[in-house]
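Now for the letters of each chain:
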Amino acid sequence: MKVTKENADNQQVVLTIEVPAEDWEKAINQAVKRIANQVNIPGFRRGKAPRRLIEQHVGKETVLDEAYEQYGPKVFNEALKEENIELAVYPQFERVTCEEGKDLVFKATVTPKPEVKLGEYKGLKIEKKVEEVTDEQVEKHIEQLRDRKATMVDAPADAKVADKDLITLDFKGFVDGEAFEGGEGKDYPLQIGSGSFIPGFEDQLIGAEIGKEVEVKVRFPEEYHEKKLADKDAVFKCTVNKIKHKELPALDDDFVKSVSALKTVDELKKDVREKMEKAAETKATNERSAAAIEQASQNITVTIPPAMVDDRVEQMIREMAMRLEQQGMQFEQYLKYSGSDINKLREEYRETAEKNVRTDLMLEAVAKAEGLKVEAADIDAEIAMMAQMYGAQPAQVKKIVQQQGRLGDLAVTVMRRKTAKLIVDSLAD
Amino acid sequence: MEARDILIRPLITETSTALMEEGKYVFVVDKKANKTQIAKAVADIFNVKVEAVNTINVMGKVKRLGRNVGRRSDYKKAIVKLAQGESIQFFEA
């Protein structure tokens, strides 16, 4: 095997790998054997047909492809070891000569991991900013609690519709003086202020009285899902049948007892405040840690190869597509709805991707500099955590992870976390 | 009988491929052809020296599909042994 190294643009390296004809011939023979086991040739048992017939049957090209696909990566990995290159992204391959009886020559455009020069990462000075919890925030939270416990009370017959009321109404819509399909409803429940009807509709109902017809004039929005109605003026004749007011429970000790194990309003207030302060504290700690990592990544000196960022962007898009699929949505559909396209999305992700790549490089470099290692115990701890999350046995989880061949990824994750912890723990107070 | 009418097709199977090592080539031949005719036909077409010819009449198997009974056609198989050192390129290619 002969490897020629050539520097290319964008921090990429082109490796030209040459394999002598004899080795290549061996690889072809192996490929023939593998194929022989898969094809049926009349007159022969599987795997027993001679090479000549197999080549005739599946075509010489297929044989060579198979040989290259199996043998190429093997040679490539050897070449990497020889040249001492660590891959940052999956390389691009190009076959130069791939023929029987000749040397196998192929080119690989690889992006080696860039050299990282660490800056300051230990004992960084980052302020912790804990947000003050105001009385208003506490009030608001209690208000929400009350809202959750609110009851709907029938309003008297002479009541008028007000904001936040739950009403039932009959309505019939007309566009250009004509009733249209789907524009009619009887005893339809509507929460005023919920925004479930066309914008403007609900506002115009405010002040309406029970049993009296009201005309509501609205214009369908331009992007209304029914094409025929989009961007058209419509008149709805509405009659309110019933009004229900929302009634909040009084803020007293009884209410406190119904929502918590506490006894008095003051206790509740104190409790809410404490919880909020705790949340603010946690948030501040998290933010500080994030800032520390960010700072440390900013402090490194590295030229990130564009290919690495591109790769990360693609990965992010794939992850997003997968998430969408889990929610039962096609990626293309999502793009259409959000009025975006894949190139725009790539642009949007670029910055985050670059930041992530930078952070990862930094963490890797720090781990190396500090001689951090992932111990078996670390992995077990991580697995135990995962098991708890999924409500399964750790042994089971480990088996699954192993089966999926993701133990390596897991180790990387653990390593990153460990390194991040080191940076955060070393923060100057 | 014309030489090209006698030899119908080469018979290439695992067994026949193994026989090639011994310089024996297997053909499907016309039912009515005899050993001398076959020897001559092979010698003429492939320009080789034939040492011996063995023939077998192969009876077609009775095959049924549901209640339909069918029969595969019979054929005559000829194993032609060439003189030492001779070979037929047609089989090799």
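Residues numbered from 1 in each chain as written. Chains lettered and ligands numbered in written order. Predicted model: local features only at pLDDT ≥ 70, side-chain atom pairs only at ≥ 80, totals over all residues. Heavy atoms only, no water.

Student: I would appreciate a short explanation of the pairing of strand 1 (residues 2–7) of chain A in the present structure.
Tutor: Looking along a regular strand, one sees the side chains alternate between the two faces of the sheet. Residues and elements named next belong to chain A. Sheet topology places strand 1 next to strand 2 (residues 13–19); six bridges connect them, and they run antiparallel. From the neighbouring strand, Lys 2 faces strand 2, where its bridge partner is Glu 18. The loop that links strand 1 with its antiparallel partner strand 2 comprises five residues; one of these, Asn 10, has a positive phi angle of about 55°. (Pairing = 2+ DSSP bridges. Helix = DSSP H or I, 4+ residues; strand = E, 2+ residues; numbered from the N terminus.)

Student: Can you walk me through the layout of surface pockets in this structure?
Tutor: Here the idea is plain: a probe the size of a water molecule rolls over the atoms and shows the empty space left. Residues and elements named next belong to chain A. Roughly 580 Å³ of internal volume is contained in the largest pocket. Along its surface, the largest pocket is lined by 13 residues, and Arg 312, Gln 315, Glu 319, Asp 409 and Arg 416 are the ones closest to its centre. Elements supplying a minimum of two residues to the lining of the largest pocket: helix 8 (306–326), helix 10 (342–370) and helix 13 (407–425). No other element matches the six residues that helix 8 contributes to the lining of the largest pocket. (1 Å grid on protein atoms, 1.4 Å probe; cavity = no way out; pocket = protein on both sides within 12 Å on 5 of 7 lines; lining within 4 Å. Points joined across faces, edges and corners; volume = space filled by probe spheres on them.)

Student: Would you explain the confidence of the model for chain B in this entry?
Tutor: Note that predicted coordinates carrying low pLDDT should not be read in detail. Confidence in the prediction for chain B averages 89 pLDDT; 96% of positions are at 70 or higher. Taken over the whole predicted complex, pTM reads 0.60, whereas the ipTM for its chain interfaces reads 0.77. (pLDDT = per-residue confidence, 0-100.)

Student: How do you make sense of helix 3 (residues 35–46) of chain B when you look at a structure like this?
Tutor: The periodicity of an α-helix, 3.6 residues per turn, causes residues three or four places apart in sequence to face the same way. All names here are of chain B. With twelve residues, helix 3 extends 16 Å from end C-alpha to end C-alpha; this agrees with the ideal 16 Å at 1.5 Å per step. All buried positions along helix 3 are accounted for by Ile 38, Ala 41 and Val 42. When helix 3 is viewed along its axis, its buried side chains cluster within an angular range of 95° and face the same direction. Seen from the open side of helix 3, the exposed residues pointing more than 90 degrees away from its buried face are Thr 36 and Lys 40. Backbone geometry just downstream of helix 3 places Asn 47 in the positive-phi region, at approximately 60°. (Expected span 1.5 Å × (residues − 1). Buried < 20%, exposed > 50% of the residue type's maximum accessible area, 1.4 Å probe, protein only. Arc of directions from axis to C-beta.)

Student: Please explain unusual backbone geometry as it appears in this structure.
Tutor: Trans peptide bonds make up most of the peptide bonds, and negative phi angles are found at most residues other than glycine. Residues and elements named next belong to chain A. Unlike most non-glycine residues, Asn 84 shows phi in positive territory, near 60°. Locating Asn 84 in the fold gives a position in the loop between helix 3 (60–83) and strand 3 (92–97). By relative accessible area, which is 71% here, Asn 84 ends up exposed. Look at Asp 187: it is not a glycine, yet its phi comes out positive at around 50°.

Student: Whenever I open this one, the side chain of Arg 358 of chain A confuses me. Can you help?
Tutor: Residues and elements named next belong to chain A. Topologically, Arg 358 is positioned in helix 10. For the buried residue Arg 358, which engages in no salt bridge, the nearest side chain bearing the opposite charge is Glu 354, 5.5 Å off. A polar atom in the side chain of Arg 358 sits 2.9 Å from the backbone oxygen of Ile 300. (Lys, Arg positive; Asp, Glu negative; His and termini not counted. Salt bridge = Lys/Arg side-chain N within 4 Å of Asp/Glu carboxyl O. Polar contact = N/O pair within 3.5 Å; in protein donor to acceptor, adjacent residues only side chain to side chain.)

Student: Explain the interface of chain B and chain A here, please?
Tutor: Quite often, the size of an interface is put as the accessible area lost when its parts meet. Counting residues at the interface gives seven residues for chain B and nine residues for chain A. Summing both sides of the interface, chain B and chain A together bury roughly 620 Å²; the carbon and sulfur share of this comes to 48%. Between the two partners, chain B and chain A, sit one salt bridge. When the shortest N-O distance is used, the salt bridge between Glu 14 of chain B and Arg 45 of chain A registers 2.6 Å. Elements with a contribution of two residues or more to the side of chain B that touches chain A: helix 2 (14–20) and helix 4 (89–92) of chain B. (Contact = heavy atoms within 4.5 Å. Buried area = accessible area lost by both parts, 1.4 Å probe.)

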